[in-house]
Structures are given as structure tokens and as C-alpha cells.
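# An overview of the molecular structure
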Amino acid sequence: MSAWGRLWRLRRQNDKVKLAWVMFLAAGYFAVSGVVQAAQYAVGLARPVEYVLAAPAAVGAERLKALAALEGVVAVSCQREYTLASGEKSLTVTELSEAYLAQCYGLAATGASRMFWLSPESYRAFLGEAPAPARLEFRTEEGMGSGVFGQVEMLGGQAPGAVTKGSAVSLQDAVSVRVMTAHASLTGAQAAQMEALGFVVANRQALVTAAYETQLSLTRLGYGAITCLLALLAGRLLYATGKREVLGRAP
């Protein structure tokens, strides 16, 4: 008879063996949970993350090219922010390069109208219940304008709440850069290379959040592994004790 068969038979004869079953089942649960958490951790590490880098002066094509060449960098773009106003409502828009919009968000402008893409939250706040896409006139510091406004689910959070395509002329004096990295957190080497190029991370909260999530995941995995091991050891001890008691009572 197998070890599991003997354990199943002895459970009816001794409470310690019954408790051993509970410990083994708990160990199995924690083992499966650990595998799921490890898979989620691996997916999180591979998730691209965006950072905003600040420079003391206009970035320039050469530094932007050098930044794009760093290991782990998926895409880079100079960025410029400005505010649109319509009635009493306002919207902060981030201009990014056409290549960045296409590679990172899958967005491409079509037609002659200027296109603005908004997160669902930004869309509702600025255009209310108007069906998307919606054409709207607005004003900026430079004067009046108009454009088409659409919704994109993936915007918001780390990504801007509203984006539009910038041009080489409109972005040439930009002093901030948006960078998408292939992994969830910057390594020390990556940060040092960026600093060597004259950049500092402007949205440092993204670094803190990534480090916290990584540490939290590792802590959960560690506690899960320890709990699983303790449950196995307790199960083996209870089974051995219960087995001796049953055999001791046998005629």
C-alpha cells in the first residue's frame, strides 16, 4: 500500500492522523498559491513601465538617440505639456512623438483633423457624456483651435491622461523626456547611465512604487514558502506520532 493509502486508512483511527491530513492539504494550498504568485511576479517584472526624465536644457537629438540606445529602453520621446480650455473645463495634454505614440500606445493619427486621445476618466471630466470620438473647439495660450477627441483605455495611471502628436518643431525645446522601459523597475546601472547623459527621474514615485511592489511580492513568496514547509513538517510529525499510537494499540 502506498504512503498516501496508509495515511488515508489511518485517518479513521487517530485524530493526529486526521490533523496531518489537514496540514498536508494546507501545504498543497500554499504551494499552489506560491506558484501563482511567482507567475504573477514574473509577469510584473516583464511589464513595461514609463518614466519621465528631466534635463536642465533642451534635450537635442543626440542625447535622445543615446538614451534610446540604453539597454532595456523600449522607446523614448521628448514631451511637452500644455492646457486646453473649453468653457469652464480644462485639460492637460502631453505632446509626444508619432513613433512613441504608435510603439507604446498603438495610436496613429488619421485624417486632417488634429487628434487627441484621452483616458476614460479625462474624457468624462472634459467632455462629459458626449459620444466618442467628439469634435470640439478649444482655446490655449496660443489662441483658438479645434480637434477630435477619442478615448483610450490604456491611458491614465503611469501614462498621461491625454496625449496628442507633437512635431519636431513643437518638441525641439522640450526639457523632459518620456521613456518606456522593458522591465518594471530601473536597475542601478540604468539609472546611472541616464544620469550620465544629464537626466534625472522626474516621477520618482514610479521608482518607489516599483520597488515597493517588488519587495512586497518577494516577501509574500518568502512567507508562503516558509508556511508551506512548516505545514509539511507538522503533517509528517503528526502522521508519524499518530501511526505509532495506532500500531501501539494493535494486538
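Structure: see above.
Residues numbered from 1 in each chain as written. Predicted model: local features only at pLDDT ≥ 70, side-chain atom pairs only at ≥ 80, totals over all residues. Heavy atoms only, no water.

## Some points on the pairing of strand 4 (residues 115–118)
Short version of the rule: A simple rule labels every residue: compare its accessible area, found with a 1.4 Å probe on the protein chains alone, to the largest value its type can have, and call it buried under 20%, exposed over 50%, or partly exposed in between. Secondary structure is summarised from DSSP: a helix means a run of H or I of at least four residues, a strand means a run of E of at least two, and numbering begins at the N terminus for each. Following DSSP output, two strands are said to pair if at least two bridges run between them.
Burial along strand 4 is two-sided: the residues Met115 and Trp117 and Phe116 and Leu118 are all buried. Relative to strand 7 (residues 162–165), strand 4 runs antiparallel, the two being bridged by three bridges. Each residue of the ladder has a partner; that of tryptophan 117, found in strand 7, is valine 163.

## Remarks on the side chain of glutamate 95
Convention followed: Between N or O atoms, a polar contact is any pair within 3.5 Å; within protein, one atom must be a potential hydrogen donor and the other a potential acceptor, and residues adjacent in sequence are included only when both atoms are from side chains. Residues count as neighbours in contact if any of their non-hydrogen atoms are within 4.5 Å of one another.
Following the sequence through the fold, glutamate 95 ends up in strand 3 (residues 89–96). Within the structure, glutamate 95 has its side chain in polar contact with the side chain of serine 170 (distance 2.9 Å). Discounting chain neighbours no more than four positions away, the residues touching glutamate 95 are Cys78, Gln79, Arg80, Tyr82, Arg114, Thr164, Lys165, Gly166, Ser170 and Leu171.

## Describing helix 5 (residues 120–127)
Heads up, the condition is: This arc corresponds to the set of directions leading from the helix axis out to the C-beta atoms.
Along helix 5, the residues classified as buried are Pro120, Ser122, Tyr123, Phe126 and Leu127. Buried residues of helix 5, seen end-on, are gathered within an arc of 160° and therefore sit on one face of the element. Projecting away from the buried face of helix 5 at angles above 90 degrees are the exposed residues Glu121 and Ala125. Buried residues along helix 5 sit against strand 2 (73–86), strand 3, strand 4, strand 5 (134–140) and strand 6 (143–151). Residue glycine 128 follows helix 5 closely and has a positive phi angle near 65°.

## Concerning the nonpolar core
For the record, the criterion: Nonpolar core, defined: a set of buried Ala, Val, Leu, Ile, Met, Phe, Trp, Tyr and Cys residues in which side-chain atoms within 4.5 Å join the residues together.
In terms of nonpolar packing, the biggest core is built from 18 residues, with Leu53, Leu67, Val177 and Val179 touching the most fellow members. Elements supplying a minimum of two residues to this core: strand 1 (49–54), helix 3 (61–68), strand 2 and strand 8 (176–181). In this structure, Leu107, Trp117, Val148 and Val152 belong to the second largest nonpolar core, which totals 15 residues.

## A short note on the environment of alanine 85
Structurally, alanine 85 can be placed in strand 2. For alanine 85, a relative accessible area of 16% puts it in the buried group. In this structure, the C-alpha to C-alpha distance between alanine 85 and phenylalanine 138, residues 53 residues apart in sequence, is 5.5 Å.

## Topic: the layout of surface pockets
Operational definition: Grid points spaced at 1 Å over the protein atoms alone were grouped into cavities, where a 1.4 Å probe fits but cannot get out, and pockets, open sets with protein on both sides within 12 Å along at least five of seven lines, with lining residues defined by an atom within 4 Å of a point. Grid points are joined across faces, edges and corners, and a volume is the space filled by probe spheres set on the points. Classification convention: Asp, Glu, Lys, Arg as charged; Ala, Val, Leu, Ile, Met, Phe, Trp, Tyr, Cys, Pro as nonpolar; all other residues, Gly among them, as polar.
When its volume is computed, the second largest pocket comes out at roughly 200 Å³. Considering the residues around the second largest pocket, the lining is formed by 15 residues, among which Tyr82, Leu84, Arg114, Thr140 and Glu142 are closest to the centre. At the level of elements, strand 2, strand 5 and strand 6 are the ones that each hand at least two residues to the lining of the second largest pocket. Considered class by class, the residues forming the lining of the second largest pocket number five nonpolar, five polar and five charged.

## Notes on the pattern of salt bridges
Test applied: One side-chain nitrogen of Lys or Arg within 4 Å of one carboxyl oxygen of Asp or Glu is enough to make a salt bridge.
The tally for this structure, following the rule as stated, stands at three salt bridges. A salt bridge links glutamate 95 to arginine 114; the shortest N-O distance between them is 2.8 Å. With a gap of 19 residues between them, glutamate 95 in strand 3 and arginine 114 in the loop between helix 4 (98–105) and strand 4 connect regions that are remote in the sequence. One salt-bridge network, held together by shared partners, links Arg80, Glu95 and Arg114.

## Examining the packing of aromatic side chains
Under the convention used in this document: Two aromatic rings from Phe, Tyr or Trp, using only the six-membered ring of Trp, form a pair when their centres are within 6.5 Å; if the ring planes differ by under 30 degrees the pair is stacked, by over 60 it is edge-to-face, and anything between is tilted.
One pass over the structure, following the stated rule, counts five aromatic pairs. Arranged with centres 5.8 Å apart and planes meeting at 45°, the rings of phenylalanine 126 and phenylalanine 149 form a pair that is tilted. Taken together, the residues phenylalanine 126 in helix 5 and phenylalanine 149 in strand 6 connect sequence positions 23 residues apart. For phenylalanine 126, a relative accessible area of 5% translates into the label buried. A relative accessible area of 0% means that phenylalanine 149 is categorised as buried. Relative to phenylalanine 149, the ring of phenylalanine 138 has its centre 6.1 Å away and its plane inclined at 90°; by these criteria the two rings are edge-to-face.

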